[in-house]
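Fold and contact review
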Amino acid sequence: MSATPAGREPAASAPVMDVERLVSMANQIGDFFAAYPAGQREEGVRNHLRNYWDPRMRTTLLAHVAATGGKGLHAHVLAGARLLGNGAPERAAYAGPPRAEGTGMRARGE
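Treat the numbers as computed from the prediction; the structure is a model and nothing was measured.

1. Thoughts on the overall build of the chain
- Across its full length, the chain holds four helices and zero strands.
- Here the chain, with 110 residues, has 34% of them falling under the buried criterion.
- In the chain, once contacts between residues fewer than 6 apart in sequence are set aside, the share between residues at least 24 apart is 61%.
- Entry remark: accessible area of the chain is about 6900 Å², with carbon and sulfur atoms responsible for 58%.

Next comes the structure, spelled out in structure tokens:
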């Protein structure tokens, strides 16, 4: 294992990233999806977090939501994070834009 710049070994349970930075990043994702209709914006946030964030980042964000109620997160980002953490079935391999249910649009593999 390589040593940290200070000459210490990294802690095994150390978070992958500071929670304030994760909140900021999640809100930036939310800013992108803010123009989408309600429901689609939350799904867009959830899809992005699920598909592009490291599992440790998601775990840290969800722990923050559980501990603080999502302090600092925009409302639709918080809703998207809660969708991510609610155990809802995942859409296999779908990484496209958020879709309204019943639109008839299908992703590959669905």
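Alright, that's what it looks like, and here's the rest.
2. Quick look at the environment of Leu-62
- Here Leu-62 shows up in helix H3 (residues 55–68).
- Looking at Leu-62, the relative accessible area reads 25%, which means it is partly exposed.
- Apart from the residues within four sequence positions on either side, Leu-62 is in contact with Ala-81, Leu-84 and Gly-85.

3. What about helix H4 (residues 75–85)?
- Taken together, the buried positions of H4 are occupied by His-76, Val-77, Leu-78, Gly-80, Ala-81 and Leu-84.
- Check the buried side of H4 and you find it contacts helix H1 (19–33), helix H2 (40–52) and H3.

4. Details of the packing of aromatic side chains
- Evaluated as defined, the whole model comprises three aromatic pairs.
- Aromatic side chains Phe-32 and Phe-33 sit 4.9 Å apart centroid to centroid with 90° between the ring planes, which places their arrangement in the edge-to-face category.
- The exposure class of Phe-32 is exposed, given its relative accessible area of 55%.
- For Phe-33, a relative accessible area of 9% gives the class buried.

5. Structural notes on the nonpolar core
- Counting 17 residues, the largest nonpolar core has Ala-26, Ile-29, Val-45, Leu-49, Trp-53, Leu-61 and Leu-73 as its most contacted members.
- A per-element tally of this core places H1 first, with six residues.
- The residues contacting Leu-49, other than those within four sequence positions of it, are Ile-29, Arg-58, Leu-61, Ala-81 and Leu-84.

6. Here's the deal with the confidence of the model for the chain
- The predicted model of the chain averages 80 in pLDDT, with 65% of residues at 70 or higher.
- The element-level mean pLDDT for the chain is lowest in H4, coming to 93, with H1 highest at 97.
- Throughout residues 104–110 the model reports pLDDT below 50, and contacts reaching past four residues in sequence, or to other chains, amount to eight contacts.

7. Comments concerning H1
- Over its 15 residues, H1 extends 21 Å from the first C-alpha to the last, a length consistent with the 21 Å expected when each residue adds 1.5 Å.
- Among the residues of H1, those classed as buried are Leu-22, Val-23, Met-25, Ala-26, Asn-27, Ile-29, Gly-30 and Phe-33.
- Buried positions along H1 lie against H2, H3 and H4.

About the thresholds
Residues numbered from 1 in each chain as written. Predicted model: local features only at pLDDT ≥ 70, side-chain atom pairs only at ≥ 80, totals over all residues. Heavy atoms only, no water. Helix = DSSP H or I, 4+ residues; strand = E, 2+ residues; numbered from the N terminus. Buried < 20%, exposed > 50% of the residue type's maximum accessible area, 1.4 Å probe, protein only. Contact = heavy atoms within 4.5 Å. Areas by Shrake-Rupley, 256 points an atom, 1.4 Å probe, with all protein chains shown as cover. Phe/Tyr/Trp six-rings, centres within 6.5 Å; stacked < 30°, edge-to-face > 60°. Core = buried A, V, L, I, M, F, W, Y, C linked by side-chain atoms within 4.5 Å. pLDDT = per-residue confidence, 0-100. Expected span 1.5 Å × (residues − 1).

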